[in-house]
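# Topology and contacts: notes
Take a look at the letters that make up each chain.
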Amino acid sequence: MYSKVILVFCYLVFLGCVSSNSSVYESYEKSGIISNFDSSEIRLRHLDSINAIRLERGLAELNISPELNASADTHARDIAVQKRAWNFGSDYSSPLNRALVSGFNGSIRGENVSETFEGEFSILQVWLNHELSRLVILDPKLTHLGLGWHQEESGKIWWVQDLGQHKK
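Residues numbered from 1 in each chain as written. Predicted model: local features only at pLDDT ≥ 70, side-chain atom pairs only at ≥ 80, totals over all residues. Heavy atoms only, no water.

## Remarks on the overall build of the protein
Note the threshold: For helices the rule is a DSSP run of H or I covering at least 4 residues; for strands it is a run of E covering at least 2, with both sets numbered from the N terminus onward. Three exposure classes are used, based on accessible area relative to the maximum for each residue type with a 1.4 Å probe and protein chains only: buried under 20%, partly exposed in between, and exposed over 50%. The contact criterion used throughout is that any non-hydrogen atoms of two residues lie within 4.5 Å. Residue exposure ignores everything except the shown protein chains as possible cover, and the areas themselves are Shrake-Rupley values with a 1.4 Å probe.
If you tally the helices and strands in the protein, you get 7 helices and 4 strands. Sequence-ordered secondary structure for the protein, helices as α and strands as β, is α-α-α-β-α-α-β-α-α-β-β. Buried positions account for 43% of the 168 residues belonging to the protein. Considering only contacts in the protein between residues 6 or more positions apart, those separated by 24 or more positions represent 65%. Accessible area for the protein stands at about 9,600 Å²; split by element, carbon and sulfur atoms hold 57% of it.

## Details of the sheet that holds strand E2 (residues 106-116)
Selection rule: A pair of strands is considered paired only if DSSP assigns at least 2 bridges between the two. Axes here mean lines fitted to C-alpha atoms, for a helix over just the part in contact, with angles spanning 0 to 180 degrees between N-to-C directions.
Pairing is mixed in the open sheet, where 4 strands are placed in the order E1-E3-E4-E2. Either end of the sheet is taken by a strand with one partner, and the two such strands are strand E1 (63-64) and E2. Pairing geometry for E2 and strand E4 (residues 157-166), over 10 bridges, is antiparallel. Paired with serine 114 across the strands is tryptophan 159, a residue of E4. In the packing of helix H3 (residues 39-56) onto the sheet, contacts are made with E1, strand E3 (144-151) and E4, and the angle to E3 comes to roughly 135 degrees. Lying on the sheet, helix H6 (residues 120-129) is in contact with E2, E3 and E4; it crosses E4 at an angle near 60 degrees.

## Section: the pattern of salt bridges
In plain terms, the rule: Counted as salt bridges are all cases of a side-chain nitrogen of Lys or Arg within 4 Å of a carboxyl oxygen of Asp or Glu.
In the structure shown here, the tally under the stated rule is 7 salt bridges. Where arginine 57 meets glutamate 56, a salt bridge forms, and the shortest distance between an N and an O atom there is 3.7 Å. Overall, arginine 57 belongs to the partly exposed group, its relative accessible area being 48%. Judged by relative accessible area, glutamate 56 falls into the exposed class, the value being 66%. For the salt bridge of arginine 98 with glutamate 111, the shortest nitrogen-to-oxygen distance reads 2.9 Å. Taken together, the residues span a long stretch of sequence, with arginine 98 in helix H5 (residues 95-101) and glutamate 111 in strand E2 at a distance of 13 residues. Comparing arginine 98 with glutamate 111, the two get one shared label, buried.

## Looking at the nonpolar core
The cut-off we apply is this: We define the nonpolar core as a collection of buried residues of types Ala, Val, Leu, Ile, Met, Phe, Trp, Tyr and Cys that are connected through side-chain atoms lying within 4.5 Å of one another.
Among the nonpolar cores identified, the biggest contains 20 residues, and Leu62, Ile137, Leu145, Leu147, Trp159 and Leu163 are the most heavily contacted of them. Of all hydrophobic cores here, the second largest spans 7 residues; its members include Ala76, Ala80, Trp158 and Val160.

## Here we look at the packing of aromatic side chains
Geometry of an aromatic ring pair is reported as the spacing of the ring centres plus the angle between the planes. Stated precisely, the cut-off is as follows: In this analysis, rings of Phe, Tyr and Trp, with Trp reduced to its six-membered ring, are considered paired at centre separations within 6.5 Å, and the interplanar angle assigns stacked below 30 degrees, edge-to-face beyond 60, and tilted for intermediate values.
Under the criterion given, the structure shown has 1 aromatic pair. Taking the centre distance of 5.5 Å and the plane angle of 55 degrees together, the rings of tryptophan 149 and tryptophan 159 count as tilted. Of the two residues, tryptophan 149 sits in strand E3 while tryptophan 159 sits in strand E4, which places them 10 residues apart along the sequence. Neither tryptophan 149 nor tryptophan 159 differs from the other in exposure class; each is buried.

## Section: the side chain of asparagine 69
Along the chain, the position of asparagine 69 falls in helix H4 (residues 66-82). Assessed through its relative accessible area of 10%, asparagine 69 is described here as buried. Leaving out residues up to four positions away in the same chain, asparagine 69 has contacts with Arg43, Ile64, Leu145, Gly146 and Leu147.

## Things to note about H3
Convention followed: Here the expected span of a helix is defined as 1.5 Å times the quantity of residues minus one.
If you check H3, its first and last C-alpha atoms are 26 Å apart, about what 18 residues at 1.5 Å a residue would give, namely 26 Å. Of all the residues in H3, the buried ones are Ile42, Arg43, Arg45, His46, Leu47, Ser49, Ile50, Asn51, Ile53 and Arg54. Residue glycine 58 follows H3 closely and has a positive phi angle near 75 degrees.

## So, the confidence of the model for the protein
Test applied: pLDDT: the predictor's confidence for each residue, scored from 0 to 100.
Looking at the protein, the pLDDT average stands at 82 and 76% of residues meet or exceed 70. By mean pLDDT, helix H1 (residues 2-17) is the weakest element of the protein at 40, and E1 is the strongest at 98. When the criterion is pLDDT under 50, residues 2-19 qualifies, and its contacts beyond four places in sequence or with other chains add up to 4 contacts.

Laid out in structure tokens, this is it:
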């Protein structure tokens, strides 16, 4: 009986170590470190928000692309090292180059980047308030999106949103 209690206790401790926080990441100040949050939930909320906006305007819904997520994650780490939120890699790669390397079968219609301490909904609002970024998000030819980020020890997050059109 005693060994079963210890086994259950160890199992509960193990579950507590797994990152399963599915709540909204608000900002470094309010929520702490983003790695404590469920990345798939952050991406799904981002997708749901964009799709709601697109549907209001009569545009087709987008799908999450694991390949574009990988491309965005890689670029977020790279621009953090460069200390510059821009669309070119340290190897001078373009968003299209990175998407192809990640295995995306299609074209990149746009890429939004940002460096901030803000959370998942705030960064989407920033992009929607910026005319060029909003035009990319509302491109009627889009079919897929990827979202990636990298957080520094200071709490600053480098966000990357890749938007693409899958080949038929």
